[in-house]
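# Examining the three-dimensional arrangement
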Amino acid sequence: AKRGLMTQPEPIDSLDRKLLRALQRDSAEPISDLADRCGLSRSACSRRITRLAEAGVIERSVALLSQSKLGLGLTVFIAIKTNQHNAVWSNQFQSVVEQLPGILEVHRLGGDIDYLVKAEVPDMPGYDALYQQLIKADLFDVSASFVMETMKHTTELPI
């Protein structure tokens, strides 16, 4: 590409989508099985996966672990309001949440709630310990909702 001109990413075709759906279900599936499922040769399948990874469509491959078998029996969503809306506070808050094990997601929201945090903890005392660490970030209002039943959980994007 010439300097100053952005190159367009290669379009994702129906074979890429089929391959991505299969990888979302099981990224450890052997290339030969993926290739057969998608009607590709092993080398073509491998090249597509490499291209999709290099383009950032595939961000990473991970193992999904059993929350219950690891003793993390309580999922909690923590709604946070703050009266601090500046870069210094935001950086401090981000530093706090990045260091706390059990916090899986942190989202800054528009609307009444400023941040929504998803955490996995062993139990109520585990949540309380997390809460004690979290409030070090100088929060205005914190409320928690505890998951009683997970009716749907997936990591598969609708492609």
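Let me begin by describing the structure that accompanies this report. (Residues numbered from 1 in each chain as written. Predicted model: local features only at pLDDT ≥ 70, side-chain atom pairs only at ≥ 80, totals over all residues. Heavy atoms only, no water.)

Along the chain, Asp-114 turns up in the loop between strand E2 (103–108) and strand E3 (115–121). Although buried, Asp-114 forms no salt bridge, and the nearest oppositely charged side chain, Lys-81, lies 7.7 Å from it. In this structure Asp-114 touches Ile-80, Lys-81, Thr-82, His-85, His-107, Arg-108 and Leu-109, once residues within four positions along its chain are discounted. (Helix = DSSP H or I, 4+ residues; strand = E, 2+ residues; numbered from the N terminus. Buried < 20%, exposed > 50% of the residue type's maximum accessible area, 1.4 Å probe, protein only. Lys, Arg positive; Asp, Glu negative; His and termini not counted. Salt bridge = Lys/Arg side-chain N within 4 Å of Asp/Glu carboxyl O. Contact = heavy atoms within 4.5 Å.)

Let's shift gears to the sheet that holds strand E4 (residues 141–146). Within the open sheet, the four strands sit side by side as E2-E3-E1-E4. Their pairing is antiparallel. Strand pairing shows two members of the sheet lacking a second neighbour, E2 and E4, which therefore form its edges. Ignoring which end each strand starts from, the neighbouring axes of this sheet average 20 degrees apart. As judged from the five bridges shared by E2 and E3, these two strands associate in the antiparallel manner. Its bridge partner lying in E3, His-107 is registered against Leu-116. Across the sheet, helix H5 (residues 124–134) touches strand E1 (74–81), E2, E3 and E4, and the angle it forms with E1 is around 25 degrees. (Pairing = 2+ DSSP bridges. Axes fitted to C-alpha atoms, helices over the stretch in contact; angles between N-to-C directions.)

So, about helix H2 (residues 31–38). Because an α-helix completes one turn every 3.6 residues, residues spaced three or four positions apart along the sequence face the same direction. For H2, the complete set of buried residues consists of Leu-34, Ala-35 and Cys-38. End-on view of H2: buried residues confined to an arc of 100 degrees, all on one side of the axis. Buried positions along H2 lie against helix H1 (14–25) and helix H3 (42–54). Note on H2: the residue one or two positions beyond its end, Gly-39, has a positive phi of about 70 degrees. (Arc of directions from axis to C-beta.)

Across all of its chains, the model carries zero disulfides by this definition. Here Cys-38 stays unpaired: no disulfide links it, and the sulfur of Cys-45, its closest cysteine neighbor, is 5.7 Å away. Judged by relative accessible area, which is 5%, Cys-38 ranks as buried. Given a relative accessible area of 0%, Cys-45 falls into the buried group. (Disulfide = S-S within 2.5 Å.)

Function cannot be inferred from these measures alone, as they are strictly geometric.
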